[in-house]
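The residues making up each chain are set out below.
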Amino acid sequence: MNVAETREALSELVGGIQPGDPLPPERDLAARLSVSRTTLRKAIAELVSIGRLVRRHGVGTFIAGPKLAQALSATSFTEDMLARGFEPGARTLSARTRSAGAVLGRRLEVSPESEVLRVYRLRLADRDPMAIEELHVPSALVPGLSGDDLASHSFYALLEQCYGVRIATGVQALEPTVTTPEESELLRVPVHSPAFLFERTSRTEDGQVVEFVRSVYRGDRYRIVAEIAPRG
Ligand code: 16G
């Protein structure tokens, strides 16, 4: 078997083992799959890189838990985690207000001189880091909102409850990326781990832009699932 076939056979075999359990010893796996240790190691490395296996340095390789299926919908991180039975969390890493500038101004459909609140947050599920979000919101929409508020409250809930703003629609772009050293430390993954880069622009019912968010979601914890629009 070549590496790709070995990876598929190993993936099948791993499917029968409980998440969190250690991967059986290499020599047993190589014998079971009738492949060389070199081929096996390459197949293991591939399963690690796509998040089926987790390598803990100095400890060993383990079966990863199932990934969270993330829909491309307008839900908030908090709503999404509560629906899955996880405790949602946020840690504000930095927050500041400054003028939009040309590029962000265009995205938020405000003048370049307009003030924009930028909040950089780590998002957690049951205290596990899952994503990093860089939120930009026109200050005029959310007077008095601070980074601390967003460490303890859902942004979307605050928008509705305190500012009477409801997000109705949006556009979301999704690209593959790898984590930077800083992101890797925050997300507790190896440097250059695969991740999803989302860019979301959300609007109210009457079309006003509420947020432009750039988020990095862990590739080892998420898979993206989208409904296919009916054929025209
Ligand atoms: C999600 C949204 C983000 C939004 C946040 C609000 C993506 C890629 N991003 O993470 O745009 O600002 O939810 O979450 O889905 P919150 O209400 O829990 O603060």
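Note that the coordinates shown come from a computational prediction; the quantities given were computed from them, not determined experimentally. (Residues numbered from 1 in each chain as written. Predicted model: local features only at pLDDT ≥ 70, side-chain atom pairs only at ≥ 80, totals over all residues. Heavy atoms only, no water.)

## With respect to the overall build of the protein
When its secondary structure is counted, the protein shows eight helices and ten strands. Taken over the C-alpha atoms alone, the protein extends approximately 65 × 50 × 35 Å along its principal axes. By the burial criterion, 41% of the 232 residues in the protein qualify as buried. The contacts of the protein with a sequence gap of at least 6 include a subset with a gap of at least 24, amounting to 57%. Element-wise, carbon and sulfur atoms account for 51% of the exposed surface of the protein, whose accessible area totals about 12,900 Å². Once the 29 positive and 30 negative side-chain charges of the protein are each reduced to a mean point, those two points are 6 Å apart. (Helix = DSSP H or I, 4+ residues; strand = E, 2+ residues; numbered from the N terminus. Buried < 20%, exposed > 50% of the residue type's maximum accessible area, 1.4 Å probe, protein only. Contact = heavy atoms within 4.5 Å. Areas by Shrake-Rupley, 256 points an atom, 1.4 Å probe, with all protein chains shown as cover. Lys, Arg positive; Asp, Glu negative; His and termini not counted. Charge placed at Lys NZ, Arg CZ, Asp CG, Glu CD.)

## Focus: the domain arrangement of the protein
In terms of domain boundaries, the protein breaks down into domain 1 (3-63) and domain 2 (68-225). Between the C-alpha centres of domain 1 and domain 2 the distance comes to 35 Å. (Domains from an automatic or database assignment.)

## Thoughts on the environment of Gln70
Following the sequence through the fold, Gln70 ends up in strand 3 (residues 68-71). For the pair Gln70 and Glu185, spaced 115 residues apart in sequence, the C-alpha separation works out to 23 Å. Not counting residues within four places of it along the chain, the set of residues in contact with Gln70 comprises Asp80, Arg84, Tyr222, Arg223, Ile224 and Val225. Polar contacts involving the side chain of Gln70 include one to the side chain of Arg84, which spans 3.3 Å. (Polar contact = N/O pair within 3.5 Å; in protein donor to acceptor, adjacent residues only side chain to side chain.)

## A look at the nonpolar core
Judged by nonpolar contacts, the single largest core of 16 residues is most densely connected at Leu145, Leu150, Phe155 and Leu159. Only strand 5 (115-125), strand 6 (128-138), helix 7 (155-163) and strand 9 (209-218) provide two or more residues apiece to this core. Top element by residues in this core is helix 7. It accounts for four residues. Among all residues touching Leu159, those that are not within four sequence positions of it are Val142, Gly164, Val165, Ile167 and Val210. Core analysis: the next-biggest nonpolar cluster, separate from the first, contains 15 residues, Leu13, Ile17, Leu29 and Ala30 among them. (Core = buried A, V, L, I, M, F, W, Y, C linked by side-chain atoms within 4.5 Å.)

## Side note on the packing of aromatic side chains
All told, the structure shown has three aromatic pairs when counted by the stated rule. An angle of 80° between the planes, with centres 5.0 Å apart, marks the rings of Phe198 and Tyr217 as edge-to-face. One end of the pair, Phe198, is in strand 8 (residues 194-204); the other, Tyr217, is in strand 9, and 19 residues separate them in sequence. In terms of burial, Phe198 and Tyr217 fall into one category: buried. With 4.8 Å between their ring centres and 70° between their planes, Tyr217 and Tyr222 make a pair best called edge-to-face. A relative accessible area of 9% means that Tyr217 is categorised as buried. According to the relative accessible area criterion, Tyr222 is buried, its value standing at 0%. (Phe/Tyr/Trp six-rings, centres within 6.5 Å; stacked < 30°, edge-to-face > 60°.)

## With respect to the pattern of salt bridges
A complete count under the given rule lists 15 salt bridges for this structure. Glu8 is the salt-bridge partner of Arg7, the closest N and O atoms lying 3.0 Å from each other. The exposure class of Glu8 is partly exposed, given its relative accessible area of 45%. Two residues, Asp220 and Arg218, come together in a salt bridge whose shortest N-O distance is 2.8 Å. The class of Arg218 is buried, set by a relative accessible area of 10%. (Salt bridge = Lys/Arg side-chain N within 4 Å of Asp/Glu carboxyl O.)

## Re the pairing of strand 1 (residues 53-56)
On any regular strand, side chains alternate: one points to one face of the sheet, the next to the other face. Sheet topology note: the strand 1/strand 2 (residues 60-63) ladder contains four bridges and is antiparallel. By the bridge assignment, Arg55 is partnered in strand 2 with Thr61. Taking the residues that link successive antiparallel strands as the turn, the strand 1-strand 2 hairpin has three residues, and the phi of Gly58 there is positive, at about 80°. (Pairing = 2+ DSSP bridges.)

## As for the site of the ligand
The ligand sits among 16 residues. The nearest are Thr78, Glu133, Ser154, Arg200 and Glu211. Measuring from an oxygen atom of the ligand, one finds a backbone N or O atom of Tyr156 at 3.0 Å. At 2.7 Å, a side-chain N or O of Arg200 approaches an oxygen atom of the ligand. Burial of the ligand by the protein chains amounts to 99% of its free accessible area of 460 Å². Of all the secondary structure elements, the ones that give two or more residues to the shell around the ligand are helix 4 (77-84), strand 5, helix 7, strand 8 and strand 9. Among the elements that take part in the shell around the ligand, strand 9 stands out by supplying four residues, more than any other. Partitioned by chemical class, the residues of the shell around the ligand number six nonpolar, five polar and five charged. (Near = heavy atom within 4 Å. Nonpolar A, V, L, I, M, F, W, Y, C, P; charged D, E, K, R; others polar.)

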